[in-house]
Each structure stands twice: as C-alpha cells, then as structure tokens.
Amino acid sequence: MPTLTIEYRTESERLILEQAVAFLTQMRQVAATAPDGTVLGACERVALDSGRRLVRDTLASAVQDRANTTDAQKKSARGSRGGARGGS
C-alpha cells in the first residue's frame, strides 16, 4: 500500500491534517456501507456535519496562527527597540 508523508509547521496544522484524513476515512466508510439508494444522502450528511466542522476548525486554526504570528512580530519589534524612548 502506498504511503503519504506530510510535513507540517505547527501542532495546530498537524491536528487539522489528521482531521482531514479522518474526514476522508469517514466519508469512504459511509459510502461503502450505506444501503443502495441512500449513498448520496448519507455522504451529504457527513459533508454537512463533519465537513463543516473541518472547515470551521481549519478557519479557526488559520486565524489563530495569524494572530500568534502578528503578536510575535509586535513583541520582536518592541524588543529590538530596546525599550528606550527617544526624543527630540
């Protein structure tokens, strides 16, 4: 069986990637086990429930990562000024 190696930068990114793999696994399981004539409806329910959750968590993670980066940049900028106040 082929394998996939994924590189990630943050713990939150790793968690989202794991959620995406779990979503795919869930979708394939539902499609494989739904009775004839109900596959599309069953898969749509998974997409609406689990898919929304995945998108919401991914969005929250991206926004939080951006906020963390911005905070770190601001702290770095304050630190590089040495905290000294200049005046003319």
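**Section: the overall build of the chain**
Inference 1: When helices and strands are tallied, the chain shows 2 helices and 0 strands.
Inference 2: The C-alpha radius of gyration computed for the chain amounts to 22 Å, which surpasses the reference 12 Å derived for 88 residues by more than 25%, pointing to a less compact arrangement than a globule.
Inference 3: Of all 88 residues assigned to the chain, the portion counted as buried reaches 11%.
Inference 4: If you take every contact in the chain between residues at least 6 apart in sequence, the share linking residues at least 24 apart comes to 50%.
Inference 5: Carbon and sulfur atoms form 57% of the exposed surface of the chain, whose accessible area is close to 7,400 Å².
Inference 6: Counting 13 positive and 10 negative side-chain charges, the chain places the centres of these two groups 12 Å from one another.

**Thoughts on the packing of helix α1 (residues 11-33) against helix α2 (residues 39-80)**
Inference 1: Two numbers describe how α1 lies on α2: the axes approach to 10 Å, and their chain directions differ by 175 degrees. Considering the angle they form, α1 stands roughly antiparallel to α2. Between α1, through Ser12, Ile16, Gln19, Ala20, Phe23, Gln26, Met27, Val30 and Ala31, and α2, the contact on the second element is made entirely by Val39, Ala42, Cys43, Val46, Ala47, Ser50, Gly51, Leu54, Asp57, Thr58, Ser61 and Asp65.

**Remarks on the environment of Ala62**
Inference 1: Tracing the backbone through its elements, the reader meets Ala62 in helix α2.
Inference 2: Since its relative accessible area comes to 45%, Ala62 is described here as partly exposed.
Inference 3: Remark: the alpha-carbon pair of Ala62 and Glu13, spanning 49 residues in sequence, is separated by 8.5 Å.

**Focus: a positive patch on the surface**
Inference 1: Together, Lys74, Lys75, Arg78 and Arg81 give the surface a local cluster of positive charge.
Inference 2: Here Arg78 lies in helix α2.
Inference 3: Its relative accessible area of 46% is what places Arg78 among the partly exposed residues.

**Looking at the pattern of salt bridges**
Inference 1: Under the definition given, this model contains 5 salt bridges.
Inference 2: Between Arg9 and Glu13 there is a salt bridge, with the nearest N and O atoms lying 3.3 Å from each other.
Inference 3: One salt bridge in this structure joins Glu18 and Arg14, with 2.4 Å as the shortest N-O distance. In this pair, Glu18 and Arg14 are both assigned in helix α1, 4 residues apart and thus about one turn of the helix distant.
Inference 4: The exposure class assigned to Glu18 is partly exposed, which follows from its relative accessible area of 44%.
Inference 5: Taken together, the shared-partner salt bridges connect Glu11, Arg14 and Glu18 into one network.

Rules used throughout
- Per chain, residues are indexed from 1 in the order of the written sequence.
- Local features in a predicted model are, by the rule used here, given only for residues with pLDDT of at least 70; side-chain atom pairs are given and counted only at 80 or more, and totals for whole chains, interfaces and linings are based on all residues.
- Side-chain descriptors were evaluated using all non-hydrogen atoms of the structure, hydrogens and water having been removed beforehand.
- Helix numbers and strand numbers start at the N terminus; a helix is a DSSP run of H or I with at least 4 residues, a strand a run of E with at least 2.
- Note that the radius of gyration is over C-alpha atoms, with the globule rule given as 2.2 Å times the number of residues to the power 0.38.
- For every residue, the accessible area obtained with a 1.4 Å probe (protein chains only) is divided by the maximum for its type, and the residue is called buried under 20%, exposed over 50%, and partly exposed between those limits.
- Two residues qualify as a contact provided that any one of their heavy atoms is within 4.5 Å of a heavy atom in the partner residue.
- Using a 1.4 Å probe, the Shrake-Rupley method yields the accessible areas, and only the shown protein chains count as cover for residues.
- In this charge count, Lys and Arg are treated as positive and Asp and Glu as negative; neither His nor the chain ends contribute.
- To locate a charge, take NZ of a lysine, CZ of an arginine, CG of an aspartate or CD of a glutamate.
- Every axis corresponds to a line fitted to the C-alpha atoms, with the helix fit spanning only the stretch in contact, and the corresponding angles, defined between N-to-C directions, vary from 0 to 180 degrees.
- Orientation is classified from the angle alone, with under 35 degrees giving roughly parallel, over 145 giving roughly antiparallel, 65 to 115 giving roughly perpendicular, and any other angle giving oblique.
- To count toward a patch, a residue needs a relative accessible area over 30% and no salt bridge; like charges are then connected within 9 Å, while nonpolar side chains (Val, Leu, Ile, Met, Phe, Trp, Tyr) are connected within 5 Å.
- Salt bridge, as used here, is a side-chain nitrogen of Lys or Arg placed within 4 Å of a carboxyl oxygen of Asp or Glu.

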